[in-house]
There are 2 protein chains.
Amino acid sequence: MVHMKLFAGIDLGGTNIKSGLLSRDGKILIEKSVPSEVNAGVDHVLDRMADCVKDSLREAGEGAMIEGVGVGVAGLVEFERGILLEAPNLPGWQRIEVKAELQKRLGMNVVVENDANAAALGEYAYGAGQGATEMLMITLGTGVGGGLILNGKVYHGSIGAAGEFGHMTIQYDGPICCCGRRGCVEAFVGKMGILRNVQEKLKSGRPSLLRIIDVSKRTPKDVSAAAERNDQVALEVLAETGTYLGIGIGNVANLLNIQRVVVGGGVAGAHDFFLESTRESLQKAALRTAADEVEVVKALLGENAGMIGAAYLAMTEQ
Amino acid sequence: MVHMKLFAGIDLGGTNIKSGLLSRDGKILIEKSVPSEVNAGVDHVLDRMADCVKDSLREAGEGAMIEGVGVGVAGLVEFERGILLEAPNLPGWQRIEVKAELQKRLGMNVVVENDANAAALGEYAYGAGQGATEMLMITLGTGVGGGLILNGKVYHGSIGAAGEFGHMTIQYDGPICCCGRRGCVEAFVGKMGILRNVQEKLKSGRPSLLRIIDVSKRTPKDVSAAAERNDQVALEVLAETGTYLGIGIGNVANLLNIQRVVVGGGVAGAHDFFLESTRESLQKAALRTAADEVEVVKALLGENAGMIGAAYLAMTEQ
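Now for a quick tour of the structure.

The rules behind each value
Residues numbered from 1 in each chain as written. Chains lettered and ligands numbered in written order. Predicted model: local features only at pLDDT ≥ 70, side-chain atom pairs only at ≥ 80, totals over all residues. Heavy atoms only, no water. Contact = heavy atoms within 4.5 Å. Salt bridge = Lys/Arg side-chain N within 4 Å of Asp/Glu carboxyl O. Polar contact = N/O pair within 3.5 Å; in protein donor to acceptor, adjacent residues only side chain to side chain. Helix = DSSP H or I, 4+ residues; strand = E, 2+ residues; numbered from the N terminus. Least-squares fit on C-alpha atoms with pLDDT ≥ 70 in both. Buried < 20%, exposed > 50% of the residue type's maximum accessible area, 1.4 Å probe, protein only. Pairing = 2+ DSSP bridges. Axes fitted to C-alpha atoms, helices over the stretch in contact; angles between N-to-C directions. Core = buried A, V, L, I, M, F, W, Y, C linked by side-chain atoms within 4.5 Å. Parallel < 35°, antiparallel > 145°, perpendicular 65-115°, else oblique. Left-handed = near helix turned anticlockwise from the far one by under 90°. Nonpolar A, V, L, I, M, F, W, Y, C, P; charged D, E, K, R; others polar. Arc of directions from axis to C-beta. Disulfide = S-S within 2.5 Å. Phe/Tyr/Trp six-rings, centres within 6.5 Å; stacked < 30°, edge-to-face > 60°.

Attention now moves to the interface of chain A and chain B. By a frequent convention, interface size equals the accessible area lost on bringing the separate parts together. At the junction of the two partners, chain A supplies 44 residues and chain B supplies 44 residues. At the junction of chain A with chain B, the criterion picks out zero salt bridges. Taken together, the links from chain A to chain B amount to 36 residue pairs in polar contact (both at pLDDT 80 or more). For the side of chain A that touches chain B, the elements supplying multiple residues, two or more each, are β10 (144-150), α7 (232-256), α8 (271-285) and α9 (288-293) of chain A.

This part takes up the side chain of A:Asn304. Inspection of the secondary structure assignment puts A:Asn304 in the loop between β13 (295-298) and α10 (305-316). When sequence neighbours within four positions are dropped, the list of residues in contact with A:Asn304 reads A:Lys18, A:Ile28 and A:Glu31.

Moving on, we get to the relation of the copies chain A and chain B. For the pair chain A and chain B, the relating rotation is 180°, the translation along its axis is 0.0 Å, and the fit reaches an RMSD of 0.0 Å. When the rotation and shift are considered jointly, the pair of chain copies conforms to a two-fold rotation axis. Here 100% of the contact residues of chain A are again contact residues in chain B; the copies associate through an equivalent surface.

Turning our eyes to something else, we now look at unusual backbone geometry. Residues and elements named next belong to chain B. Positive phi values are uncommon outside glycine, yet Arg-95 reaches one of about 50°. Note on placement: Arg-95 falls in strand β7 (residues 94-96). Residue Arg-95 is classed as exposed on the basis of its relative accessible area, which comes to 52%. Backbone geometry places Asn-257, a non-glycine residue, at a positive phi of 45°.

For the rest of this paragraph, the subject is the sheet that holds strand β13 (residues 295-298) of chain B. Residue and element names in this part refer to chain B. Spatially, the five strands line up as an open sheet ordered β11-β10-β9-β12-β13, and their pairing is mixed. Here the strands that pair on one side only, and so sit at the sheet edges, are β11 (153-154) and β13. As defined by bridge partners, strand β12 (residues 260-265) adjoins β13 across four bridges and the pair is classed as parallel. Residue Val-261 lies in a different strand from β13, and its bridge partner there is Val-296. Seen against the sheet, helix α3 (residues 115-126) touches β9 (135-140), β10 (144-150), β11 and β12 and runs at an angle of roughly 55° to β10.

As a further point, take the environment of B:Gln103. In this fold, B:Gln103 is placed in helix α2 (residues 98-106). Aside from chain neighbours lying at most four places away, what touches B:Gln103 is B:Met108, B:Asn109 and B:Val110.

Moving on to the pattern of salt bridges. Summed over all chains, the structure comprises 34 salt bridges over all chains. A salt bridge links A:Arg196 to A:Glu200, with the nearest nitrogen and oxygen atoms 3.8 Å apart. Separated by four residues within a single helix, A:Arg196 and A:Glu200 lie in helix α5 (residues 191-203), roughly one turn from each other. Its relative accessible area of 26% is what places A:Arg196 among the partly exposed residues. Of the charged contacts, one joins B:Arg279 and B:Glu276 as a salt bridge, the two residues approaching to 2.9 Å between their closest N and O atoms. A residue pair is termed a helical-turn pair when its members lie 3 or 4 positions apart in one helix, as B:Arg279 and B:Glu276 do in helix α8 (residues 271-285) at three residues. One connected set of salt bridges, linked through shared partners, spans A:Asp43, A:Asp47, A:Glu101, A:Lys104 and A:Arg105.

To continue, consider the side chain of B:Ser56. Residues and elements named next belong to chain B. Tracing the backbone shows Ser-56 in helix α1 (residues 42-60). One polar contact links the side chain of Ser-56 to the main-chain carbonyl oxygen of Cys-52, over a distance of 2.7 Å. Apart from the residues lying within four places of it in its own chain, the contact partners of Ser-56 are Ser-19, Leu-21, Ile-30 and Lys-32.

Moving on: the nonpolar core. Ranked by internal contacts, the top residues of the largest apolar core, which has 81 residues, are A:Phe165, A:Leu256, B:Phe165 and B:Leu256. In terms of residue count, α7(A) provides more of this core than any other element does, 12 residues in total. Beyond its immediate stretch of four places on either side in the chain, B:Phe165 contacts A:Leu255, B:Leu136, B:Ile138, B:Val144, B:Gly146, B:Val185, B:Leu245, B:Gly248, B:Ile249 and B:Val252.

Sheets are built from strands that pair by backbone hydrogen bonding, the pairs being arranged parallel or antiparallel. Residues and elements named next belong to chain A. One open sheet accounts for three strands, arranged β5-β6-β7; its pairing is antiparallel. In the strand order of this sheet, the two ends are held by β5 (76-78) and β7 (94-96), each with one partner. Adjacent strand axes in the sheet meet at a mean angle of 20°, parallel and antiparallel pairs treated alike. Here two bridges tie strand β6 (residues 83-86) to β7, and the two strands are oriented antiparallel to one another. Bridge assignment links Glu-86 to a residue of β7, and that residue is Gln-94.

Moving on, we get to the packing of helix α5 (residues 191-203) of chain B against helix α7 (residues 232-256) of chain B. Residue and element names in this part refer to chain B. Two elements in contact, α5 and α7, have axes separated by 10 Å at closest approach and are oriented at 135°. Considering their axes alone, α5 and α7 lie oblique with respect to each other. At the point where α5 passes α7, the crossing takes the right-handed sense. Note on element contacts: α7 touches α5 through Val-233, Glu-236, Val-237, Glu-240 and Thr-241, opposite Ile-194, Asn-197, Val-198, Lys-201 and Leu-202. Broken down by class, the residue content of the contact of α5 with α7 amounts to five nonpolar, two polar and three charged.

All names here are of chain B. Those residues of α2 that sit buried are Val-98, Leu-102 and Leu-106. Looking down the long axis of α2, one finds its buried residues gathered within 45° of arc, a one-sided arrangement. On its buried face, α2 is in contact with α1, β4 (64-73), β6 (83-86), β7 and β8 (110-114). With its phi angle positive at about 65°, Gly-107 sits one or two positions after the end of α2.

If you walk through the whole model with that rule in mind, you get zero disulfides over all chains. For the unlinked cysteine A:Cys184, the closest cysteine sulfur is that of A:Cys179, found at 3.7 Å.

Our focus in this paragraph is the pairing of strand β12 (residues 260-265) of chain A. Residue and element names in this part refer to chain A. With respect to burial, β12 is a largely interior element, five of its six residues being buried. Of the pairings in the sheet, the one linking strand β9 (residues 135-140) to β12 comprises six bridges and is parallel in character. Among the inter-strand pairings, Met-135 is bridged to a residue of β12, identified as Arg-260.

Of note, A:Tyr244 is situated in helix α7. Assessed through its relative accessible area of 18%, A:Tyr244 is described here as buried. Taking C-alpha positions, A:Tyr244 is 47 Å from A:Met4, a pair spaced 240 residues apart along the chain. When neighbours within four sequence positions are excluded, A:Tyr244 is seen to be in contact with A:Ile170, A:Phe188, A:Val189 and B:Tyr172.

Our focus in this paragraph is the packing of aromatic side chains. Scanning the model with the defined rule gives eight aromatic pairs over all chains in all. Considering the side-chain rings of A:Tyr172 and B:Phe188, the 5.7 Å spacing of their centres and the 70° angle between planes classify their relative orientation as edge-to-face. Taken together, the positions of A:Tyr172 in the loop between β11 (153-154) and α4 (185-189) and B:Phe188 in helix α4 (residues 185-189) put the pair across two chains. Accessibility expressed as a relative area gives 26% for A:Tyr172, which makes it partly exposed. The exposure class of B:Phe188 is buried, given its relative accessible area of 5%. In textbook terms, an aromatic cluster arises when at least three aromatic residues are bridged by ring pairs, as seen for A:Tyr172, B:Phe188 and B:Tyr244.

Listed below in structure tokens is the structure:
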């Protein structure tokens, strides 16, 4: 019988557990998504994660064997020991020995990583970051996440808290951010920043499709949809979002002389409305040498990036 | 005869060549400083650098042997091959094979590094950065230099241009920086930033010792001297300098989760007037986890940091 060596990747979020079995070349052979059921307690969630792996292995059929398991989780991770120190979206998950607990349940090697770092690693290994040994992954959404690949590896920093691109100050007396500080990148390009900018432009009385939607119900998706219909307010807001993003990226380029920035998350399709202004703004914000080296591209792996990166971690960190 | 294994460090600047012979524990046994004479051409300067090493070896006496030579130079360095790609302060130094040229002259192993990186390495190995594997070195002066130690090694980035802390944007519509951009850290805490802030405060008619000095002749040293005499304008300017510096450091702490920031350069003694506000500002600017981990301290090696770091490089990169 031919043995098929596989690697399991798990992306544990507050809502769902996404898991997959990958071959060494990054191909997803089995994919699952089940509700996390975080309210049923830590042990229950750990059991569910383990079950995903066991079920997938069974489905993969005879001859399949799992060489390692990688986990990406939204929180502060102590990488070496695989301990989740804190996780704002997972109630009760404090100092949880995810690595040890899963190893006990599975009898397999387990590696644990922060989910943004896992996503960065996924794009680096099989997505838009391929070939770049110094890379920043930015994930847009309600918040703005970040993950750094330096010298071809996830960069963790002193205690695993590195990569907080979203709370980089680009205007110290700028708009309030959800973190309580002022003028963070997220305060401009996160959900609230985009919607605040829309509202400011509408105040001047300009016509816009966005007026149809009540201010309390507007989302970045609406802005993107309006931009697709050539709404000038929406187009301007998204272009300005790109400009702010480029200033933040310029700071990273100057400090870290990275080769590539992979931008993921956000509303599908919206990237086309802001990435060009991101690139222009970056070219102005960064010093020549750093600016010349850095390329801004769209992420390729979508919501699978974290799960794929977790599996890649299992391949490389045994 | 007992052999004494030594390491040579050279700091090549536009004005002087500083060189030293160090023992493995970082003790400087022989120290030299000669004018660089950059106008006499590249070969001449390379000869002088080699002579410094040879003369020092002779002075060290019988039994002394040099195990390696490290060079720090103000410019963009291609680290692996030891090529100085460009150096704004060294006319004619473009694509100079410093490593190969010095190895030919000396018959010894030579390693070449950017001077700010060498200074960071010096503080890391024997100065205020000891024990911190993730460290930012900031050198204050006319400009604001930076060097990064990550995972205990100099971090170069894609082509050796990393560490540009001084041109991090903290206020995108802020004051013009000498680089042509707006609101860089340097535009606030570099020489011009400090003097601009003084001038703005004096415009309001406030009394200050700094009024005695003509605006065209004022220097940060005057501001520091006035602060020592309890001049309120000077004290405020230096405290605000610290606040701006702390915002920039907060960005680095969030992105890189560093353990230590070593602040060097600037006017001797002035640190006491701004480092406290730097620390306060950093605590506000960085996210809790990152802020808790990072310590801001004064550099310990002064102007020798680059030369010492270059020698350390020779010890560790053979």
